[in-house]
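Here is how the chains run, residue by residue.
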Amino acid sequence: MKKSPIVFTLCTLATVPMVLLTLSIRENKAEQKTIESVPPIKELESRSSEWGKYYPRQYDTYLQTRKSDKIDDVLKEDPALVVLWAGYGFSKDYNKPRGHYYALEDNINTLRTGAPTDGKTGPMPTACWTCKSPDVPRLIKRDGENEFFTGKWSKYGAEMMNSIGCADCHDSTTMKLTLTRDYLKRALDAEGSLKVADVTHQDMRTLVCAQCHSEYYFKKTDWEDKGEKKTAMVVTFPWKNGLSADAMEAYYDGIEFVDWTHQMSKTPMLKAQHPGYEMFVTGVHAKNGLACADCHMPYMREGGVKYSSHNVGSPLDNIGNTCLNCHTGTEKEFRETIEKKLARKDELAQIATDVLAKAHLEAAKAWELGATNEEMKPALTDIRHGQWRWDYAVASHGGFFHAPEETLRVLGTAISKGQDARVKLRTVLAKYNAADYVAPDFSTKEKAQQIIGLPYDKLVEEKKTFLNTLRKEWDKQGEAKGLYDPATRKDMVFKTSYSE
Ligand code: HEC
Ligand code: HEC
Ligand code: HEC
Ligand code: HEC
């Protein structure tokens, strides 16, 4: 049989799309493989833009944290805090948190980190960098944990070039979530209710945040470096007795820990940092298995691709993609619910700071009149515990929403302890003929800083000199080392509480 040229042509033509299809499947497979394979990012690469080359959606949303740039001066809002923190860095400067984009910049600019003139001076230890930068895990790996926590903050100025970034939460060799801070692992195992070995993926979506949004103290640790004796100030979570305000208070009392001695009342004080994780776990959302990322890093959809928003900020900017995934209601209702919760917390917090500030000033007066250690001790213990509890409740940022009942309970006990102190101090003052003593007016930041004798203008001057000299030098050195990533400072405006 003679083959029809028409049939032959048709047959040949028919194979063309098949061949093309096969080729295209092969190509797709290759592309899929590229998507699935882990790109060649250096281990502990601290420059987020290097990761961003392979994960543009995560990187672009991450960069949006720069939009949360407002400086809210908390000392101005509630000047009683200046009195509460007399003799401690926080009385100099304290702002509400901003976006992760600014973490490093704010740490460098705050008056609390002072004005070092070289790598050995300055008030703060190296530990103050710990929750600001992915250069931290890089340096801990390079220098060892003990060396990392030894020396002054200024020691690493020329190494800290990148604000919170990919390498803080991801392992570049697998892209899995990872804990880059060993002190969290030690704390989880010491506390025991969630052992590191039992951690699930959903837990990790909370624990990456708990690396930084947790209470800590600097544990003095003596160690030996090739025969040389050194002392490290190692970030440690006080979780051994439990995560509640009461449990941590007992822990600190047990080791007689003192963050600083109050300049006026001479109270051996505790400073709560930001027990956000600890407060969160007592709340209804944690009890129902939610993780931080469920509200702060919601899933987004873009052209058929699902990814996590890395714009970690207020869930209220995206109620539709967070709350309304599980709840019914309108955005307006959710905003109002949250505002009410915040107002309830603020009402009690305001009473607590007023009571505690007066207690400090009344104690100062009692000392001035000649009160003895023995007379003062019971009142000072109440001040220590009352202020710790107030601080735990308000510094657990977002606690008013994450765990409203626990927040209000802790604030209630703070007020009660502050009042106990004042009753005891009245008796002491009466003994020294000052029963009618009235504490001075601390109703503005300036008045309060005058009462505690803070040389504010001098601190600002010194800071500005530091920013114009040593800080510039750090940046130059960081750039020369190849650590500096211009994208991390793009369009950054210098904003502080003292620059207006
Ligand atoms: C490496 C430390 C670190 C990690 C990890 C971290 N944070 Fe933060 N976070 C900070 C610091 C520091 C700030 C304050 C930055 C500033 O004010 O400059 C902050 C600020 C915030 C804010 C306030 C943002 C704003 O715009 O007001 C939220 C919300 C927040 N973090 C949530 C989270 C969540 C949720 C996670 C986990 C997915 C997380 N953080 C992981 C250190 C960290
Ligand atoms: C504060 C911690 C944190 C930081 C910083 C962070 N991530 Fe993530 N990332 C997460 C969490 C939590 C998830 C959700 C993981 C999950 O549910 O599997 C995630 C998911 C991802 C995923 C998986 C796909 C997705 O979107 O869910 C990729 C890829 C990713 N991140 C890349 C990055 C890159 C690139 C950076 C830096 C620009 C970065 N991440 C910074 C916490 C972080
Ligand atoms: C059920 C949703 C939800 C979960 C889960 C959640 N948050 Fe929040 N978070 C919120 C809301 C709502 C606010 C209040 C936002 C506002 O007032 O703009 C908030 C506030 C915050 C703030 C204060 C931001 C600021 O600028 O003051 C921080 C920090 C924070 N959350 C961190 C966390 C961390 C860390 C976790 C996990 C341990 C977590 N959140 C879990 C909903 C959630
Ligand atoms: C993944 C699901 C989920 C998401 C997302 C979620 N919730 Fe919830 N929420 C719950 C569950 C479950 C409960 C507990 C309900 C119960 O016990 O009856 C709850 C309880 C509450 C309650 C009552 C308890 C309390 O603390 O007063 C409020 C208010 C609330 N959610 C607000 C919010 C807001 C605001 C957001 C967004 C920022 C949000 N939720 C996001 C699941 C979710």
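As shown above, the structure is provided for reference.
Treat the numbers as computed from the prediction; the structure is a model and nothing was measured.

Engineer: Teacher, can you tell me more about the nonpolar core here?
Structural biologist: For soluble globular proteins, the rule of thumb is that nonpolar side chains tend to be buried together. Among the nonpolar cores identified, the biggest contains 101 residues, and Trp129, Leu184, Trp239 and Trp390 are the most heavily contacted of them. The element best represented in this core is helix 16 (residues 331-368), accounting for 9 residues. Contacts of leucine 184, omitting those with residues within four sequence positions, involve Leu179, Leu207, Ala210, Gln211, Phe237 and Trp239.

Engineer: Could you clarify how one ought to interpret the coordination of the iron atom of ligand 3 in this entry?
Structural biologist: Reference values for angles at a metal are 109.5 degrees in the four-donor tetrahedral case and 90 or 180 degrees in the six-donor octahedral case. His296 (NE2) and His402 (NE2) make up the full set of protein donors to the iron atom of ligand 3, lying at 2.0 Å. In this structure, the iron atom of ligand 3 is coordinated by 6 donor atoms arranged in octahedral fashion, with angles at the metal of 86 to 180°. Taken as a pair, histidine 296 in helix 15 (residues 292-296) and histidine 402 in helix 18 (residues 399-402) lie far apart in primary sequence, 106 residues in all. With a relative accessible area of 25%, histidine 296 lands in the partly exposed category.

Engineer: Mind showing me how you'd approach the coordination of the iron atom of ligand 4 here?
Structural biologist: His285 (NE2) and His327 (NE2) make up the full set of protein donors to the iron atom of ligand 4, lying at 1.9 to 2.0 Å. Assessed through its relative accessible area of 22%, histidine 285 is described here as partly exposed.

Engineer: Which parts of the structure should I look at to understand helix 22 (residues 470-480)?
Structural biologist: For the α-helix, the turn length of 3.6 residues means that residues three or four positions removed from each other point alike. Every buried residue of helix 22 is accounted for by Leu470, Arg471, Trp474, Asp475 and Gly478. End-on view of helix 22: buried residues confined to an arc of 145°, all on one side of the axis. Away from its buried face, by an angle of more than 90 degrees, helix 22 presents the exposed residues Lys476 and Ala480. On its buried face, helix 22 sits against helix 6 (103-109) and helix 21 (456-468). The first or second residue beyond helix 22 is glycine 482, which carries a positive phi of 80°.

Engineer: It is not clear to me how the site of ligand 3 should be interpreted in this structure. Could you clarify?
Structural biologist: As a structural note, the neighbourhood of ligand 3 is formed by 20 residues, with Cys292, Cys295, His296, Ser314 and His402 the closest of them. A distance of 2.8 Å separates a nitrogen atom of ligand 3 from a polar side-chain atom of histidine 296. Those elements that provide at least two residues to the shell around ligand 3 are helix 11 (201-210), helix 15 and helix 18.

Engineer: I would appreciate a short explanation of the packing of aromatic side chains in the present structure.
Structural biologist: For any pair of aromatic rings, geometry is given as the distance between the ring centres together with the angle between the planes. Considering all chains together, one arrives at 27 aromatic pairs under this definition. Aromatic pair tyrosine 252 and tryptophan 388: ring centres 5.5 Å apart, planes at 85°, arrangement edge-to-face. Residue tyrosine 252 is located in helix 12 (residues 245-254), and its partner tryptophan 388 is located in helix 17 (residues 373-395); the two are separated by 136 residues in the primary sequence. By relative accessible area, tyrosine 252 is classed as buried at 1%. Taken together through their ring pairs, the aromatic side chains of Trp85, Tyr88, Phe90, Tyr94, Trp260 and Trp390 make up a single cluster.

Engineer: Help me understand the site of ligand 4 in this model?
Structural biologist: If you check the shell around ligand 4, you find 15 residues, and the closest are His285, Cys323, Cys326, His327 and Lys341. In the environment of ligand 4, a nitrogen atom lies 2.8 Å from a nitrogen or oxygen atom belonging to the side chain of histidine 285. A distance of 2.7 Å separates a nitrogen atom of ligand 4 from a polar side-chain atom of histidine 327. Those elements that provide at least two residues to the shell around ligand 4 are helix 14 (284-287) and helix 16. The element best represented in the shell around ligand 4 is helix 16, accounting for 4 residues.

Engineer: Looking at this model, I keep getting lost on empty space enclosed by the protein. Mind explaining?
Structural biologist: Once rolled over the atoms, a probe with the size of a water molecule shows which space is left empty. Tallying each qualifying case throughout the model produces 1 cavity of 30 Å³ or more. Empty space within the largest cavity amounts to approximately 40 Å³.

Engineer: Explain unusual backbone geometry here, please?
Structural biologist: Trans peptide bonds make up most of the peptide bonds, and negative phi angles are found at most residues other than glycine. Even without being glycine, methionine 175 reaches a positive phi, approximately 65°. If you trace the backbone, methionine 175 turns up in the loop between helix 9 (166-169) and helix 10 (182-191). Phi at lysine 226 is positive, roughly 45°, even though this residue is not glycine. Note on lysine 226: relative accessible area 82%, which makes it exposed.

Cut-off values and rules
Residues numbered from 1 in each chain as written. Chains lettered and ligands numbered in written order. Predicted model: local features only at pLDDT ≥ 70, side-chain atom pairs only at ≥ 80, totals over all residues. Heavy atoms only, no water. Core = buried A, V, L, I, M, F, W, Y, C linked by side-chain atoms within 4.5 Å. Buried < 20%, exposed > 50% of the residue type's maximum accessible area, 1.4 Å probe, protein only. Helix = DSSP H or I, 4+ residues; strand = E, 2+ residues; numbered from the N terminus. Contact = heavy atoms within 4.5 Å. Donors = N, O, S within 2.8 Å, 3.2 Å for Na, K, Ca; no water. Tetrahedral: all angles 85-135°; square planar, octahedral: opposite > 155°, others 65-115°. Arc of directions from axis to C-beta. Near = heavy atom within 4 Å. Polar contact = N/O pair within 3.5 Å; in protein donor to acceptor, adjacent residues only side chain to side chain. Phe/Tyr/Trp six-rings, centres within 6.5 Å; stacked < 30°, edge-to-face > 60°. 1 Å grid on protein atoms, 1.4 Å probe; cavity = no way out; pocket = protein on both sides within 12 Å on 5 of 7 lines; lining within 4 Å. Points joined across faces, edges and corners; volume = space filled by probe spheres on them.

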